[in-house]
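Fold and contact review
Here are the chains, one letter per residue:
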Amino acid sequence: MKLEIDQRGLNAEIETLAAISDAEPPAVTRIVFTPTDLKARARMISLCEEAGLTVRQDAIGNIFARWNGADPAAPAVGTGSHIDAIPNAGKYDGVVGVLGGLEAIRALQRSGFRPKNSIELLVFATEEPTRFGIGCLGSRLLSGTLSAEAAAKLKDRDGETVDEARRKAGFDGNLQDVKLPRSYYKAFVELHIEQGPLLERAKTSVGIVKSIAAPASFRISIDGAGGHSGGVLMPDRKDALCAAAQLILASENAARSSGAVDTVATVGVCDVFPSAVNSIPSRVRITLDIRDTDLARRDGAMQAIERASQEIAAKRQVSIQLELVNADAPADCAPEVRTALADSCRQHGFRFLEMVSRAYHDSLFVSRIAPTGMLFIPCRSGHSHRPDEYAVPDDIARGALVLAETLAKLSA
Ligand code: GLV
Ligand code: MN
Ligand code: MN
């Protein structure tokens, strides 16, 4: 079997997809179920159909593109990632795993390889938490990690529910049917940019993921008292933004003082009401994203933040409500998938680094129902979730090649 990746074609497809965006280039913004997202999905479907794959979509909008194996009834070998993008993102997050996965399948087809197990490319719906506040809705539903009832009720900032938004976008099947049986996949493997600097620092172009860190997040509402910025004297204030500022620093401190660099906490959203120069903020909504490779340590940091919120609320006489959005366990990658990835690297003479994924991915949830692994390629300076995110075409092609080899091993 001679596997050849069409590096130029793959790169051109990444550029074409990046142009389907609601942001000025080089930034990419593609929020789930917007016309832009639907256009990008239509493009992916036509590329999959051109490759002779059989395409279906489920009720949340996960796209499955299948290359039937010699034994179509046997569990499939899956690969894929996402094409939705946070506001002001780059071109490669998720996209490398989707277009690289498709190119891996096409390279296998060109080589004359015929899989025993079907090989299926998955484009997960709504991996990013931008719209509905929680990431990986598609993979949470298909793995049964989140119930259809709970998912349907989630709302975006405009009050539109997942159920309304997906139906408007043309996905009106039954959300209960998204869940896949444990026997569906024999194995799953996701190609992704590292979103950190370790591969680049180690001058190594392939990473094999050992485990995926545990993410959690809170939606936090802080209610104080508004008033005139000139008239209300400092002793009388119940400034919600000052309380939020203190809580944000307490969160940073909880992460910094956990005893390990693996604990990270981020407040990425802060909505201030009424947001006027001469008005004391009466209401603030923030989000807190907190992660760790160690579940107990992450939970310890979450408890420290909850305690800090009670102290700040009492001291400043404001109300602070923490709503837990998600608190997921970490995942270990499956030994058989890691071995297949390592053997594929060795076969092609590529050095690799075994590493932890600090970002979450749909693989975190697929791992609940199937042996799962991940393959990383470097991204420049580790930058991701910003417009200057960049992966070298040679590295992308190398990732697609290792993926193709691994899919062949797993499906033979
Ligand atoms: C995924 O985009 C993450 O936030 O880890
Ligand atoms: Mn992302
Ligand atoms: Mn991603």
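Everything that follows concerns the structure shown earlier in this document.
Let us look at the structure shown here. Here the structure is a predicted model, which means the values were calculated and not measured. (Residues numbered from 1 in each chain as written. Chains lettered and ligands numbered in written order. Predicted model: local features only at pLDDT ≥ 70, side-chain atom pairs only at ≥ 80, totals over all residues. Heavy atoms only, no water.)

**Considerations on the overall build of the protein chain**
When its secondary structure is counted, the protein chain shows 12 helices and 15 strands. The C-alpha atoms of the protein chain give a radius of gyration of 22 Å, which matches the 22 Å a tight globule of 412 residues would have. The dimensions of the protein chain, computed from C-alpha atoms along their principal axes, are 80 × 45 × 40 Å. In the protein chain, which comprises 412 residues, the share counted as buried stands at 54%. For the protein chain, restricting intrachain contacts to residue pairs at least 6 apart in sequence, the fraction spanning at least 24 positions comes to 78%. Only carbon and sulfur atoms are counted for the fraction: they give 51% of the accessible area of the protein chain, which is about 17,100 Å². A gap of 2 Å separates the mean positions of the 48 positive and 52 negative side-chain charges of the protein chain. (Helix = DSSP H or I, 4+ residues; strand = E, 2+ residues; numbered from the N terminus. Rg over C-alpha atoms; globule rule 2.2 N^0.38 Å. Buried < 20%, exposed > 50% of the residue type's maximum accessible area, 1.4 Å probe, protein only. Contact = heavy atoms within 4.5 Å. Areas by Shrake-Rupley, 256 points an atom, 1.4 Å probe, with all protein chains shown as cover. Lys, Arg positive; Asp, Glu negative; His and termini not counted. Charge placed at Lys NZ, Arg CZ, Asp CG, Glu CD.)

**Quick look at the sheet that holds strand β9 (residues 214-223)**
Sheets are built from strands that pair by backbone hydrogen bonding, the pairs being arranged parallel or antiparallel. An order of β10-β11-β9-β12 is seen for the 4 strands of this open sheet, with the pairing classed as antiparallel. Among the strands making up the open sheet, the edge pair consists of β10 (264-273) and β12 (319-327). Strand after strand, the sheet turns through a mean of 15 degrees between neighbouring axes, direction not considered. Note that β9 and strand β11 (residues 283-292) share 10 bridges and pair antiparallel. Within the sheet, the bridge partner assigned to Ala214 lies in β11 and is Asp292. Each of β9, β10, β11 and β12 is contacted by helix α8 (residues 240-256), which is oriented at about 5 degrees to β11, the strand it contacts most. (Pairing = 2+ DSSP bridges. Axes fitted to C-alpha atoms, helices over the stretch in contact; angles between N-to-C directions.)

**So, the coordination of the manganese ion (ligand 2)**
Think of it this way: four donors in a tetrahedron around the metal ideally sit 109.5 degrees apart, and six in an octahedron ideally sit 90 or 180 degrees apart. On the protein side, the manganese ion (ligand 2) has Asp93 (OD), Glu128 (OE) and His385 (NE2) as donor atoms, found 2.0 to 2.1 Å from it. Separating the manganese ion (ligand 2) and the manganese ion (ligand 3) is a distance of 3.7 Å, and Asp93 donates to both of them. With a gap of 257 residues between them, Glu128 in the loop between β6 (119-124) and α4 (137-142) and His385 in the loop between β15 (372-377) and α12 (393-411) connect regions that are remote in the sequence. You can call His385 partly exposed: its relative accessible area is 37%. (Donors = N, O, S within 2.8 Å, 3.2 Å for Na, K, Ca; no water.)

**Structural notes on the nonpolar core**
By size, the foremost hydrophobic cluster in this structure holds 59 residues, and its most contacted members are Met44 and Leu108. Ranked by residues supplied to this core, first place goes to α12 with 10 residues. Counting 32 residues, the second largest nonpolar core, distinct from the first, contains Val32, Phe33, Val178 and Leu180. (Core = buried A, V, L, I, M, F, W, Y, C linked by side-chain atoms within 4.5 Å.)

**Observations regarding the site of ligand 1**
Taken together, the residues surrounding ligand 1 are Glu127, Glu128, Arg291, Ala359, Tyr360 and His385. Between ligand 1 and the protein, one listed contact pairs an oxygen atom with a side-chain N or O atom of Glu128 at 3.1 Å. Here His385 contributes a side-chain N or O atom positioned 3.3 Å from an oxygen atom of ligand 1. Calculation on ligand 1 without its partners gives an accessible area of 200 Å², and the protein chains cover 92% of this total. Looking at the shell around ligand 1, its residues break down into 2 nonpolar, 1 polar and 3 charged. (Near = heavy atom within 4 Å. Polar contact = N/O pair within 3.5 Å; in protein donor to acceptor, adjacent residues only side chain to side chain. Nonpolar A, V, L, I, M, F, W, Y, C, P; charged D, E, K, R; others polar.)

**Here we look at the packing of aromatic side chains**
Across all of its chains, the model carries 6 aromatic pairs by this definition. A centroid spacing of 5.8 Å and a plane angle of 40 degrees characterise the contact between Phe33 and Phe171, whose relative ring orientation is tilted. Of this pair, Phe33 sits in the loop between β1 (28-30) and α2 (35-50) while Phe171 is found in the loop between α6 (162-168) and β7 (185-193), placing the two residues 138 residues apart along the sequence. With respect to burial, Phe33 and Phe171 carry one shared label: buried. With a centroid separation of 6.0 Å and 90 degrees between ring planes, the pair formed by Tyr92 and Tyr390 is classed as edge-to-face. Here Tyr390 lies in the loop between β15 and α12 and Tyr92 lies in the loop between β5 (85-89) and α3 (95-111), a separation of 298 residues in the sequence. What makes Tyr390 partly exposed here is its relative accessible area of 28%. Cluster of aromatic residues (ring-pair linked, three or more members): Phe64, Phe124, Tyr184, Tyr185 and Phe188. Between the NZ or CZ atom of Arg56 and the centre of the ring of Phe64, over which it lies, the distance is 3.8 Å. (Phe/Tyr/Trp six-rings, centres within 6.5 Å; stacked < 30°, edge-to-face > 60°. Lys NZ or Arg CZ within 6 Å of the ring centre and 35° of its normal.)

**Digging into the coordination of the manganese ion (ligand 3)**
In the first shell of the manganese ion (ligand 3), the protein supplies His82 (NE2), Asp93 (OD) and His192 (NE2), at 2.0 to 2.3 Å from the metal. All donors of the manganese ion (ligand 3) belong to a single chain; written as a sequence motif, their spacing is H-x10-D-x98-H. By relative accessible area, which is 0% here, His82 ends up buried.

**So, the environment of Ser367**
By secondary structure assignment, the location of Ser367 is in the loop between α11 (362-366) and β15. Look at Ser367 and you get partly exposed, because its relative accessible area is 21%. Between the C-alpha atoms of Ser367 and Ala304, which are 63 residues apart in sequence, the distance is 29 Å.

**Observations regarding α3**
The terminal C-alpha atoms of α3 lie 24 Å apart, and with 17 residues this matches the ideal 24 Å at 1.5 Å per residue to within 8%. Within α3, 14 of the 17 residues are buried, which leaves it mostly tucked inside the rest of the structure. Gly112 sits one or two residues past α3 and shows a positive phi near 90 degrees. (Expected span 1.5 Å × (residues − 1).)

**Notes on the packing of helix α1 (residues 7-18) against α3**
Packing of α1 against α3 leaves a shortest axis separation of 10 Å and a crossing angle of 145 degrees. By crossing handedness, the relation of α1 to α3 is classed as right-handed. Residues Leu10, Glu13, Ile14 and Leu17 of α1 form the contact with α3, whose own contacting residues are Val95, Leu99, Gly100, Glu103 and Arg106. Considered class by class, the residues forming the contact of α1 with α3 number 5 nonpolar, 1 polar and 3 charged. (Left-handed = near helix turned anticlockwise from the far one by under 90°.)

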